[in-house]
Amino acid sequence: MEPVSLSFVYRREDYVRAVRFYLRKSGALLFWLGLLLMIAVMLLVGVLFHLFGFTPMAAVLLALAGLVLIVDLTVYWVLPGLRFDRNPQLQEKRILHFSVEDIGIQGEQAAGLVPWSYQALWSSRTDYYLIQSRQDYLILPRDAFSSRGDQLRFEQIVQMANPEIRRKDW
């Protein structure tokens, strides 16, 4: 099968949006769990306050739930932008060549071949996500593909190179 080549530069706002999407959909972020924990703790603190007045245990529970919520919000709202700003390689032009054998990656500083070892391919309206692990993933903007035919060929190459890959369309 004929290889597919992409050339693109991540734009900060697109990269941040894509990472936030990944965090929401992958379950890597415990935001909803933190929010539910906060609600449960608030109910528990309310019951404790009603029965015993304001106790040190209620204060500790409230503080812990607040910390979980603050950490989740920081990971979701702040860290994607910081990662982009602090990683100059994300701001370079990238050229990727996808073939059934391997992935060729060329940047301004280095080039190399990466073997296929991805567990999942996600497709959203704006991006593809090649996922190796919960923390290791590659975001490919759909607008970097020159045509819909290239997108379909890319999907076929991924499937042929990784027969066990899980596919998810969002």
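Our subject is the structure listed above.
Report follows, based on the coordinates. Every chain begins its residue count from 1, and numbering advances along the sequence as written. Two thresholds apply to this predicted model, a pLDDT of at least 70 for residue-level local features and 80 or more for giving and counting side-chain atom pairs, whereas whole-chain, interface and lining totals are computed over all residues. Excluding hydrogens and water, the side-chain values take into account all heavy atoms of the structure.

1. Some remarks on the pattern of salt bridges
So, step 1. Any carboxyl oxygen of Asp or Glu that lies within 4 Å of a side-chain nitrogen of Lys or Arg is treated as forming a salt bridge with it. Going through the model one piece at a time under the given rule, you end up with eight salt bridges.
So, step 2. Across the salt bridge formed by R11 and D14, the nearest N and O atoms sit 2.3 Å from each other.
So, step 3. Given a relative accessible area of 22%, D14 falls into the partly exposed group.
So, step 4. Taking the shortest distance from any N to any O, the salt bridge between D127 and R17 comes out at 2.9 Å. Placement of D127 in strand β6 (residues 127–131) and of R17 in helix α1 (residues 12–26) is noted, with a sequence separation of 110 residues between them.
So, step 5. One connected set of salt bridges, linked through shared partners, spans R11, D14, R17, D127 and D143. Relative accessibility decides the category of a residue: with a 1.4 Å probe and only protein chains considered, values under 20% of the type maximum give buried, values over 50% give exposed, and everything between is partly exposed. Strands here are runs of E lasting at least two residues and helices are runs of H or I lasting at least four, both read from the DSSP assignment and numbered beginning at the N terminus.

2. Thoughts on helix α4 (residues 79–86)
So, step 1. Restricting attention to buried positions, one finds in α4 the residues P80, G81 and F84. The buried side chains of α4 occupy one side of the element, clustering within an arc of 95 degrees when seen end-on.
So, step 2. Close packing links the buried residues of α4 with α1 and α3 (56–77). Along the arc lie the directions from the helix axis toward the C-beta atoms. Contact definition: two residues touch when any of their heavy atoms are within 4.5 Å.

3. A few points about the environment of E108
So, step 1. Locating E108 in the fold gives a position in the loop between β3 (102–106) and β4 (111–115).
So, step 2. With residues up to four places along the chain from it excluded, the contact list for E108 reads E92 and K93.
So, step 3. Contacts described as polar in this section are N or O atom pairs within 3.5 Å, which, within protein, must combine one atom able to donate a hydrogen with one able to accept it, while residues neighboring in sequence count only if both atoms come from side chains. Among the polar contacts listed, one links the side chain of E108 to the backbone nitrogen of K93, at a separation of 3.3 Å.

4. What to know about the sheet that holds strand β1 (residues 4–9)
So, step 1. The pairing criterion for strands is at least two bridges between them, as found by DSSP. In space, the four strands of this open sheet follow the order β1-β2-β3-β4, with antiparallel pairing throughout. Edge positions in the open sheet fall to β1 and β4, since each of these has one partner strand only. Adjacent strand axes in the sheet meet at a mean angle of 20 degrees, parallel and antiparallel pairs treated alike.
So, step 2. As defined by bridge partners, β3 adjoins β4 across five bridges and the pair is classed as antiparallel. Counterpart to I105 in the pairing with β4 is G112.
So, step 3. Think of each axis as a best-fit line through the C-alpha atoms, taken over the contacting stretch in the case of a helix, with angles from 0 to 180 degrees between the N-to-C directions. The strands touched by helix α5 (residues 148–161) within the sheet are β1 and β2 (93–98), with β1 carrying the most contacts at an inclination of about 110 degrees.

5. Side note on the layout of surface pockets
With a probe scaled to a water molecule rolled over the atoms, the places where space remains empty come into view.
So, step 1. In this analysis the probe radius is 1.4 Å and the grid spacing 1 Å, with only protein atoms considered; a cavity is a set of points the probe fits into but cannot get out of, a pocket is an open set with protein on both sides within 12 Å along at least five of seven lines, and lining residues have an atom within 4 Å of a point. Grid points are joined across faces, edges and corners, and a volume is the space filled by probe spheres set on the points. Reported here for the largest pocket is a volume of approximately 210 Å³.
So, step 2. Around the largest pocket, the lining residues are Q89, E92, R94, I105, Q106, G107, Q109, A110, A111 and G112.
So, step 3. Elements with a minimum of two residues in the lining of the largest pocket: β3 and β4.
So, step 4. Lys, Arg, Asp and Glu make up the charged group, whereas Ala, Val, Leu, Ile, Met, Phe, Trp, Tyr, Cys and Pro make up the nonpolar group; the residues left over, Gly among them, are polar. When the residues that make up the lining of the largest pocket are grouped by side-chain class, the tally is three nonpolar, five polar and two charged.

6. Some details on the pairing of β1
So, step 1. On β1, burial follows the alternation: V4, L6 and F8 on one face are buried, whereas S5, S7 and V9 on the facing-out side are not.
So, step 2. As judged from the six bridges shared by β1 and β2, these two strands associate in the antiparallel manner. Residue pairing across strands places S5 opposite H97, the latter belonging to β2.

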